[in-house]
Amino acid sequence: MAFEELRVVDENELENLVIAHIEAVEPGLVYLDHQRKTDGGWLDVLCVDGDGVFVVVELKNREDDTMFIQALEYLDYINENIDRFASFYTRKLRHEKKEIEIDKASPPRMVLIAPSFSDTLKKCVKYVDEDYAVSLKQFKILRIKKTGESAPVFIDMSVEAPQVFEEPKTLEDHLNKISNPSLRELCLEVISKIKSVGSDVEVQSREYW
């Protein structure tokens, strides 16, 4: 089956596609509202996940680092008013015959949707507290050439966990900290020559590798 990728120019178009295919963004995700006014602006899409946790969805039709700050502002607004919003949207869901209980005790999550994400944004996201989880979703709009039908595809983008520094304790630990292979080999050669001076010579690791 042949596909072609379409370019989304308008963010309203992208928003409509996200709402119409909300389960494709994340299984179990249920749409609640869009363009909800907050103290920091207009929240693109508000959802609740399968565990009843609020999900703030911020989307852009281009790479944009500001989307992370925007999403944080919207998340803060929802978190500060979570009891009121939980009551309001629980009633709304029941009116729509959806038996979902919103979890007021759990902090909201963020989902960022864009065609790509910069290294800067990825670095910022990895330092967000794990209680306020952030998911990055790269989107593509594909159309079946034969039928003309189109739909969005959302791809999970991995976010590295922050590196935890471990103090090197042995000579081998220090050597392993040297990422350049040729430099590491040179250090090994120097150490070997120092050791060859005499059996009573001991090579010690210093505080800073």
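Structure shown above.
Here goes a summary of the coordinates provided. On a predicted model such as this, the values are computed, not experimentally measured, just so you know.

1. Some details on the overall build of the protein
Moving on, step 1. Within the protein one finds seven helices and seven strands.
Moving on, step 2. In sequence order, the secondary structure elements of the protein are arranged as β-α-α-β-β-β-α-α-β-α-β-β-α-α.
Moving on, step 3. Summarising its shape, the C-alpha atoms of the protein cover approximately 85 × 50 × 30 Å along the three principal directions.
Moving on, step 4. Across the 209 residues that make up the protein, the buried fraction comes to 35%.
Moving on, step 5. For the protein, restricting intrachain contacts to residue pairs at least 6 apart in sequence, the fraction spanning at least 24 positions comes to 58%.
Moving on, step 6. With an accessible surface of roughly 13200 Å², the protein has 49% of that area assigned to carbon and sulfur atoms.
Moving on, step 7. Looking at charge distribution, the protein has the averaged site of its 27 positive side-chain charges lying 4 Å from that of its 41 negative ones.

2. Notes on the packing of aromatic side chains
Moving on, step 1. Counted according to the given criterion, the structure contains four aromatic pairs.
Moving on, step 2. Centroid distance phenylalanine 54 to tyrosine 89: 6.3 Å. Interplanar angle 75°. Geometry classified as edge-to-face. Taken together, the positions of phenylalanine 54 in strand β4 (residues 54-59) and tyrosine 89 in helix α4 (residues 82-95) put the pair 35 residues apart, joining distant regions of the chain. Of the two residues, phenylalanine 54 and tyrosine 89, both sit in the buried class.

3. Notes on the nonpolar core
Nonpolar side chains tend to gather and get buried jointly when the protein is soluble and globular.
Moving on, step 1. Ranked by internal contacts, the top residues of the largest apolar core, which has 29 residues, are Leu46, Phe54, Leu112 and Leu121.
Moving on, step 2. Mapped onto this core, the elements with two or more residues apiece are β2 (30-38), β3 (41-48), β4, α3 (66-80), α4, β5 (109-114), α5 (119-125) and β6 (134-144).
Moving on, step 3. If one sorts the elements of this core by residue count, α3 sits on top with seven residues.
Moving on, step 4. If you look at the next biggest cluster of nonpolar residues, it comprises 17 residues, including Leu14, Val57, Leu59 and Phe154.

4. Things to note about the environment of histidine 34
Moving on, step 1. Structurally, histidine 34 is set in strand β2.
Moving on, step 2. Residues histidine 34 and lysine 60, spaced 26 residues apart in sequence, show a C-alpha to C-alpha distance of 14 Å.
Moving on, step 3. Discounting residues that sit within four places of it in the chain, histidine 34 has contacts with Glu15, Ile19, Leu43, Asp44 and Val45.

5. Remarks on the environment of glutamate 99
Moving on, step 1. Its location among the elements puts glutamate 99 in the loop between α4 and β5.
Moving on, step 2. Between the C-alpha atom of glutamate 99 and that of leucine 121, which follows or precedes it by 22 residues, the distance is 36 Å.

6. Concerning the side chain of aspartate 33
Moving on, step 1. Looking at where aspartate 33 falls in the secondary structure, it is placed in strand β2.
Moving on, step 2. A distance of 2.7 Å separates a polar atom in the side chain of aspartate 33 from a polar atom in the side chain of tyrosine 89.
Moving on, step 3. Ignoring sequence-local partners within four residues, the contact set of aspartate 33 consists of Asp44, Val45, Leu46 and Tyr89.

7. Description of α3
Moving on, step 1. Over its 15 residues, α3 runs 22 Å from end to end, which matches the ideal 21 Å to within 8%, given 1.5 Å per residue.
Moving on, step 2. Along α3, the positions that sit buried rather than exposed are Met67, Phe68, Ala71, Tyr74, Leu75, Tyr77 and Ile78.

Thresholds applied
Residues numbered from 1 in each chain as written. Predicted model: local features only at pLDDT ≥ 70, side-chain atom pairs only at ≥ 80, totals over all residues. Heavy atoms only, no water. Helix = DSSP H or I, 4+ residues; strand = E, 2+ residues; numbered from the N terminus. Buried < 20%, exposed > 50% of the residue type's maximum accessible area, 1.4 Å probe, protein only. Contact = heavy atoms within 4.5 Å. Areas by Shrake-Rupley, 256 points an atom, 1.4 Å probe, with all protein chains shown as cover. Lys, Arg positive; Asp, Glu negative; His and termini not counted. Charge placed at Lys NZ, Arg CZ, Asp CG, Glu CD. Phe/Tyr/Trp six-rings, centres within 6.5 Å; stacked < 30°, edge-to-face > 60°. Core = buried A, V, L, I, M, F, W, Y, C linked by side-chain atoms within 4.5 Å. Polar contact = N/O pair within 3.5 Å; in protein donor to acceptor, adjacent residues only side chain to side chain. Expected span 1.5 Å × (residues − 1).

Purely spatial values, then, with no claim about function.
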